[in-house]
Amino acid sequence: MSAHRVVIAGGGVAGLEALIALRELAGDAVSITLLSPSREFTIRALSVQEPFAKPSARIYDVGAICADHGAELRHDALEAVHRETRTITTMSGEELVYDSLLVAIGARPSPAFPHVTTFRGVQDAEAMHGLLQDVEGGWSSSVAFVVPPGTTWPLPIYELALMTAERAEGLGLSPQITVVTPEHAPLGLFGEEASRRVDDQLSERGIIVRT
Ligand SMILES: Cc1cc2nc3c(=O)[nH]c(=O)nc-3n(C[C@H](O)[C@H](O)[C@H](O)COP(=O)(O)OP(=O)(O)OC[C@H]3O[C@@H](n4cnc5c(N)ncnc54)[C@H](O)[C@@H]3O)c2cc1C
């Protein structure tokens, strides 16, 4: 019996976790092809450390992960899905046949407000570092960290606010730091207990929260 052909589009955490779990669960019953425009994978959560010159996120080789788990890597991207023929077209014009398809291409972050520093990950570390330098140099006496409305991942805003406050405190500075959020409570989606603890940490650092 030939192996069930699985195509995974996306080499982010979702695509790679799926690949690893699938190989573990299904063994040789599946053949896996991973479609990834990037040859590298980093944990985006750690990107908040970069502006503070803390250790940067480790870079993983997507090809090595595929090789370790018996998957074929196509350095390409998903262009179109054709359900009737169970095929996909890639950006380079190739056609791949699948029995099962997992689309894990993530979200496309975009700035929520004009004329502000937006933090989407490592690509914005330099801008955030500039903001930090303004605080360190006493050029900025107040900073608002704003969680945008709509679909968003609010955690980095709190991390950036707390780390900025910690850095300023270490330098004997006391800029007014405010977190503005549409959430009913800070990081409310993590539940009451977690939210209360975050709130405690924010107050300890003198950070004002406006919900
Ligand atoms: C600053 C920041 C901090 C975060 N901190 C945390 C945290 O502490 N904890 C937490 O749980 N989450 C955190 N998140 C959220 C977390 O990073 C995302 O939930 C996670 O990355 C989503 O994984 P994903 O694989 O679905 O998408 P992504 O990580 O976006 O990966 C999608 C992949 O698909 C690829 N791709 C895009 N288009 C195509 C295409 N057409 N064909 C093939 N591949 C394509 C991309 O190149 C990318 O490699 C944070 C996010 C940010 C931005």
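Residues numbered from 1 in each chain as written. Predicted model: local features only at pLDDT ≥ 70, side-chain atom pairs only at ≥ 80, totals over all residues. Heavy atoms only, no water.

As annotated in an unreviewed UniProt entry, the chain is FAD/NAD(P)-binding domain-containing protein from uncultured Solirubrobacteraceae bacterium. Listed under Cofactor (unreviewed entry) in UniProt, the entry text for the chain is "FAD". Here the chain is described in UniProt, under the heading Sequence similarities (unreviewed entry), as follows: "Belongs to the NADH dehydrogenase family." (UniProt positions renumbered as here; feature names shortened; annotations may be inferred.)

**A short note on the pattern of salt bridges**
Scanning all chains against the criterion turns up 9 salt bridges. In this structure, the salt-bridge partner of Glu169 is Arg205, at a minimum N-O distance of 3.2 Å. Here Arg205 lies in the loop between helix H5 (192-204) and strand E12 (208-210) and Glu169 lies in helix H4 (residues 155-170), a separation of 36 residues in the sequence. Salt bridges sharing common partners tie together Glu193, Arg196, Arg197 and Asp200. (Salt bridge = Lys/Arg side-chain N within 4 Å of Asp/Glu carboxyl O. Helix = DSSP H or I, 4+ residues; strand = E, 2+ residues; numbered from the N terminus.)

**Some words on the packing of aromatic side chains**
Counting across every chain of the model gives 2 aromatic pairs. An angle of 40° between the planes, with centres 6.0 Å apart, marks the rings of Phe41 and Tyr60 as tilted. Here Tyr60 lies in strand E4 (residues 59-61) and Phe41 lies in strand E3 (residues 40-42), a separation of 19 residues in the sequence. Note on Trp153 and Phe190: the rings are 6.0 Å apart at their centroids and 80° apart in plane angle, and the pair reads as edge-to-face. Of this pair, Trp153 sits in the loop between strand E10 (142-146) and H4 while Phe190 sits in the loop between strand E11 (176-180) and H5, and the two are 37 residues apart along the sequence. (Phe/Tyr/Trp six-rings, centres within 6.5 Å; stacked < 30°, edge-to-face > 60°.)

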